[in-house]
Amino acid sequence: MVVISVKRFTEIQNFIRNYHGLFVNCNMELEAKFPEYSSDTLGSITAKEVVQRVKSNHSKISAKAASLVKEYQTTARQTLAHDVLQKMAIELQIPSIVLCRILLAKIYSDMAKSELNEMLRMPDLIPDSLLAVNVSYCLYSETMDGPITDLVRRFIGEEYEVRLKKMARDAGMVFYDEGDLRRTGYDKTPDLKMAVPFMYRGQVINWIESKASFGDMDSHKRYVKDQLSSYGNRFGPGIVIYWFGYLESIADCPENGNYVIVTDGFPAKDEMEFLTFNLPAIVEDDDNSSEDNRITK
């Protein structure tokens, strides 16, 4: 069970916020400092911290785009190095792909956003060969942002959704998945909607949502607002699983209401109770007349 106390979580946050270096190295040092938590848990916490940092600082960094371009061009001409952008990103404490995106938009300001995104995905398209090498180096070494990172995260999310369905089938649950619900006209859909609800720790469960991430307070409140509250209002109470653990305080936050139950894994067999249906028996009268068949309980 991966439920992290507020005190321990704050220690992890402070370590990440005070770290200067590559994020991949930050994760490795986190694992050494907090060995009781998995690399998935610590990596997810780091990713959420970085996302929040980028949101807070993006406008300030974008405002300095012209001076950053000049700094890059000066250093690149002097050194002809392949890692100029990466080192600049470390100083700014942001993912290197974020810096690449800002600089490309400034240098090639006449290009459409779609063209700039293609350059990030395929740096060979960048006319400046040294800039292309720098962007390519960032692309293949960055673990917090970029097309490769997005693809990896999508695959991990899908892997845990598949895992959830298998566990639900093995437990004997009857459910509809997202595809089933969308075909019937629902727009916002949980990963699993129970066709037959079950009891979990005394609570009726109507749906399960899978999150292949760590559940911190900010992201959990956002999920409740954007997704989970609508599931609760439409279907009744349900479970959100944070596979990489969660901050202890989110389990009891007021936003959950009576509709959201937080866990860090699939419910254990002894915690669930399934509804059973006793089919009525059909008893015939003495003359075996089909017209006089009656149902008895």
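Residues numbered from 1 in each chain as written. Predicted model: local features only at pLDDT ≥ 70, side-chain atom pairs only at ≥ 80, totals over all residues. Heavy atoms only, no water.

- Going by the annotation in an unreviewed UniProt entry, the name recorded for the chain is CDAN1-interacting nuclease 1, with Anopheles coluzzii given as the source organism.

## Digging into unusual backbone geometry
Link 1 in the chain: Positioned with a positive phi, L80 is a non-glycine residue whose angle comes to about 55°.
Link 2 in the chain: On the accessibility criterion, L80 (64% relative accessible area) is exposed.
Link 3 in the chain: One non-glycine residue with positive phi stands out, namely Q93, at about 60°.
Link 4 in the chain: Within the secondary structure, Q93 is located in the loop between α5 (84-92) and α6 (96-107). (Buried < 20%, exposed > 50% of the residue type's maximum accessible area, 1.4 Å probe, protein only. Helix = DSSP H or I, 4+ residues; strand = E, 2+ residues; numbered from the N terminus.)

## Details of helix α11 (residues 217-235)
Link 1 in the chain: Where α11 bends most, the angle comes to about 55°, and this point is V224.
Link 2 in the chain: Within the sequence span of α11, burial applies to S219, H220, Y223, V224, L228, Y231, G232 and F235.
Link 3 in the chain: G236, located one to two residues past α11, shows a positive phi value of around 105°. (Bend = angle between axes of the 7 residues up to and from the residue.)

## Structural notes on the side chain of K211
Link 1 in the chain: Summarising the element assignment, K211 is placed in strand β4 (residues 203-211).
Link 2 in the chain: Those residues in contact with K211 that sit more than four places away from it in its chain are Y223, Q227, V240, I241, Y242 and W243. (Contact = heavy atoms within 4.5 Å.)

## A few points about a nonpolar patch on the surface
Link 1 in the chain: Taken together, the side chains of Y140, I148, V152 and I156 make up a nonpolar region of the molecular surface, amounting to roughly 360 Å² of accessible area.
Link 2 in the chain: With three residues, helix α9 (residues 147-170) is the single largest residue contributor to the nonpolar patch.
Link 3 in the chain: Among the secondary structure elements, I148 is positioned in helix α9.
Link 4 in the chain: I148 sits in the partly exposed class, given a relative accessible area of 37%. (Patch = residues over 30% accessible without salt bridge, like charges linked within 9 Å, V, L, I, M, F, W, Y side chains within 5 Å. Areas by Shrake-Rupley, 256 points an atom, 1.4 Å probe, with all protein chains shown as cover. Salt bridge = Lys/Arg side-chain N within 4 Å of Asp/Glu carboxyl O.)

## So, the domain arrangement of the chain
Link 1 in the chain: The domains assigned to the chain are domain 1 (3-145) and domain 2 (150-274).
Link 2 in the chain: Measuring from the centre of the C-alpha atoms in domain 1 to the corresponding centre in domain 2 gives 32 Å.
Link 3 in the chain: The partner domain 2 presents 15 residues to the 16 residues of domain 1 that form the contact.
Link 4 in the chain: Across the interface of domain 1 and domain 2, roughly 1300 Å² is buried in total on both sides, 58% from carbon and sulfur atoms.
Link 5 in the chain: Remark: the boundary between domain 1 and domain 2 carries zero salt bridges.
Link 6 in the chain: The tally of links from domain 1 across to domain 2 stands at eight residue pairs in polar contact (both at pLDDT 80 or more).
Link 7 in the chain: Among the elements of the structure, β1 (3-4), α1 (6-17) and α3 (39-63) are those that each provide at least two residues to the side of domain 1 that touches domain 2. (Domains from an automatic or database assignment. Buried area = accessible area lost by both parts, 1.4 Å probe. Polar contact = N/O pair within 3.5 Å; in protein donor to acceptor, adjacent residues only side chain to side chain.)

## Re the pairing of strand β5 (residues 238-242)
Link 1 in the chain: For β5, a buried count of five out of five residues is recorded, marking the element as mostly surrounded by other parts of the structure.
Link 2 in the chain: Burial of the side chains of β5 extends over both faces: G238, V240 and Y242 are buried on one face and I239 and I241 on the other.
Link 3 in the chain: The β-α-β motif built from β4, the intervening α11 and the parallel element β5 has right-handed crossover chirality.
Link 4 in the chain: Sheet topology places β5 next to strand β7 (residues 260-263); four bridges connect them, and they run parallel. The residue bridging I241 from the neighbouring strand is T263, located in β7. (Right-handed = clockwise from strand over helix to strand, strands pointing away. Pairing = 2+ DSSP bridges.)

## Concerning the packing of aromatic side chains
Link 1 in the chain: Summed over the entire model, instances satisfying the criterion amount to seven aromatic pairs.
Link 2 in the chain: Ring geometry for F9 versus F214: centroids 5.6 Å apart, planes at 15°, classification stacked. Of the two residues, F9 sits in helix α1 while F214 sits in the loop between β4 and α11, which places them 205 residues apart along the sequence. Each member of the pair, F9 as well as F214, carries the same accessibility label: buried.
Link 3 in the chain: Between the aromatic rings of Y160 and W243, the centroid separation amounts to 5.4 Å while the plane-to-plane angle is 40°, which identifies the pairing as tilted. Placement of Y160 in helix α9 and of W243 in the loop between β5 and β6 (246-247) is noted, with a sequence separation of 83 residues between them. Assigned by exposure class, Y160 and W243 land together as buried.
Link 4 in the chain: Among the aromatic side chains, those forming a connected cluster through ring pairs are Y160, W243 and F244.
Link 5 in the chain: Taking the ring centre of Y160 as reference, the NZ or CZ of R163 above it sits at 4.3 Å. (Phe/Tyr/Trp six-rings, centres within 6.5 Å; stacked < 30°, edge-to-face > 60°. Lys NZ or Arg CZ within 6 Å of the ring centre and 35° of its normal.)

## Thoughts on the packing of helix α2 (residues 23-33) against α3
Link 1 in the chain: Where α2 contacts α3, the two axes come as close as 10 Å, and the packing angle between them is 135°. Classified by the interaxial angle, the pair formed by α2 and α3 is oblique. As α2 runs across α3, the sense of the crossing is right-handed. Two secondary-structure elements touch here, α2 through F23, N27, L30 and E31 and α3 through S39, L42, G43, T46, V50 and R53. (Axes fitted to C-alpha atoms, helices over the stretch in contact; angles between N-to-C directions. Parallel < 35°, antiparallel > 145°, perpendicular 65-115°, else oblique. Left-handed = near helix turned anticlockwise from the far one by under 90°.)

## Concerning the nonpolar core
Link 1 in the chain: Ranked by size, the top nonpolar core spans 35 residues in total, and within it Y72, L85, L99, L103, L104, I126 and L131 carry the most contacts.
Link 2 in the chain: Within the residue set of this core, elements represented by two or more residues are α3, α4 (65-79), α5, α6, α7 (113-121) and α8 (129-141).
Link 3 in the chain: With seven residues, α6 is the largest single contributor of residues to this core.
Link 4 in the chain: In contact with L99, other than residues within four places in its own chain, are L68, L85, M88, A89, L92 and I94.
Link 5 in the chain: C26, Y37, W207 and Y223 belong to the second-largest nonpolar core, a separate cluster that totals 26 residues. (Core = buried A, V, L, I, M, F, W, Y, C linked by side-chain atoms within 4.5 Å.)

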